[in-house]
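Chain residues, written in single-letter form:
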Amino acid sequence: MYNGLLHAHSGLRWVVLVLLVLAIIKAFSGWFGKKEYTAGDKKIALFALIATHIQLLLGLGLYFISPKVSFAEGAIQNEIYRFYTVEHMSMMIIAIIIITLGFSLAKRTTEGTAKFRKTALFYTLGLLIILSSIPWPFTVDGAGWF
Ligand code: HEM
């Protein structure tokens, strides 16, 4: 159970990253190229949103069973416990809220350029927070690539 969830959560990061990058490229090119907002533009933004929400659910599941999450006294002094118990969880939730906000603000706007602009800005901010909070093998001890 733990291993399955961990591998799903670790591997899904790549799906999240690829979909966010695609949605952001489309949004910027629509915004600056003054293109018409199409169903395809909405779809890629929606798929990226769904991927981040699935990642949130897997992360929440892991949070309760991971040996790297601890509320024991003094655990916060340990770099790994602090990262997974506090930093990773809170930064990722903030990023997902920003992406969700971007999607719903774009949805509520009728004008195409404004839809592109909101998606581009909110998704880029979310992506930057995600990139900086992923446990990469070169930033967090014991983290893997997949
Ligand atoms: C887009 C959002 C997220 C991404 C891209 C992401 C990505 C990752 C990655 C790459 C790992 C490392 C897996 C490994 O060591 O190979 C990880 C671990 C973990 N994540 Fe996330 N995560 C996200 C959101 C969340 C959220 C919202 C939570 C909690 C509510 C969470 C909880 C955890 C936990 C507890 C671990 C440690 C698992 C362990 O090694 O025991 N993640 N995450």
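Thresholds applied
- Residues numbered from 1 in each chain as written.
- Predicted model: local features only at pLDDT ≥ 70, side-chain atom pairs only at ≥ 80, totals over all residues.
- Heavy atoms only, no water.
- Axes fitted to C-alpha atoms, helices over the stretch in contact; angles between N-to-C directions.
- Helix = DSSP H or I, 4+ residues; strand = E, 2+ residues; numbered from the N terminus.
- Parallel < 35°, antiparallel > 145°, perpendicular 65-115°, else oblique.
- Nonpolar A, V, L, I, M, F, W, Y, C, P; charged D, E, K, R; others polar.
- Left-handed = near helix turned anticlockwise from the far one by under 90°.
- Contact = heavy atoms within 4.5 Å.
- Near = heavy atom within 4 Å.
- Polar contact = N/O pair within 3.5 Å; in protein donor to acceptor, adjacent residues only side chain to side chain.
- Donors = N, O, S within 2.8 Å, 3.2 Å for Na, K, Ca; no water.
- Tetrahedral: all angles 85-135°; square planar, octahedral: opposite > 155°, others 65-115°.
- Buried < 20%, exposed > 50% of the residue type's maximum accessible area, 1.4 Å probe, protein only.
- Phe/Tyr/Trp six-rings, centres within 6.5 Å; stacked < 30°, edge-to-face > 60°.

Moving on, we get to the packing of helix α3 (residues 79-108) against helix α4 (residues 112-133). In contact at an axis separation of 8 Å, α3 and α4 are set at 170° when each is read in the N-to-C sense. Considering their axes alone, α3 and α4 lie roughly antiparallel with respect to each other. In terms of residue class, the contact of α3 with α4 is built from 16 nonpolar, five polar and three charged.

Attention shifts here to the packing of helix α2 (residues 39-65) against α3. Relative orientation of the contacting elements α2 and α3 amounts to 155°, with a least axis distance of 10 Å. Between α2 and α3, the interaxial angle falls into the category roughly antiparallel. For the pair α2 and α3, the crossing hand works out as left-handed. Of α3, the residues touching α2 (which contributes K42, A45, L46, L49, T52, H53, L56 and Y63) are Y84, T85, M89, I93, I96, I99, T100, F103 and K107.

Moving on, we come to the site of the ligand. Y2, H9, S10, S66 and H88 are the nearest of the 25 residues found near the ligand. At 2.7 Å from a nitrogen atom of the ligand is found a side-chain nitrogen or oxygen belonging to H9. In this structure, S66 approaches the ligand through a side-chain N or O atom, which is 2.5 Å from an oxygen atom. Among the secondary structure elements, those contributing two or more residues to the shell around the ligand are α1 (2-32), α2 and α3. The dominant element in the shell around the ligand, judged by the number of residues it contributes, is α2, at six residues. Residue composition of the shell around the ligand, grouped by class: 16 nonpolar, seven polar and two charged.

Each pair of donors in an ideal four-coordinate tetrahedral metal site encloses 109.5 degrees, whereas pairs in an ideal six-coordinate octahedral site enclose 90 or 180 degrees. Coordination of the iron atom of the ligand by the protein involves H9 (NE2) and H88 (NE2), with metal-donor separations of 2.0 Å. Between the six donor atoms coordinating the iron atom of the ligand, the angles at the centre fall across 85 to 180°, so the site counts as octahedral. In this pair, H9 sits in helix α1 while H88 sits in helix α3, placing the two residues 79 residues apart along the sequence. A relative accessible area of 14% means that H9 is categorised as buried.

Before going further, it helps to spend a moment on the environment of M91. Tracing the chain through its elements places M91 in helix α3. The partly exposed category is assigned to M91, whose relative accessible area is 34%. When near neighbours in sequence (up to four residues on either side) are disregarded, M91 contacts I129 and S133.

Further remarks concern the packing of aromatic side chains. Counting across every chain of the model gives twelve aromatic pairs. Ring centres of W14 and F146 lie 6.1 Å apart, and the angle between their planes is 45°; on these two criteria the pair is classed as tilted. Within this pair, whereas W14 is found in helix α1, its partner F146 is found in the segment after α4, the two being separated by 132 residues in sequence. On the accessibility criterion, W14 (30% relative accessible area) is partly exposed. You can call F146 exposed: its relative accessible area is 66%. For the ring pair W136 and F138, a centre distance of 6.1 Å and an interplane angle of 5° mean the geometry is stacked. Connected via pairs of aromatic rings, a cluster forms that spans W14, W136, F138, W145 and F146.

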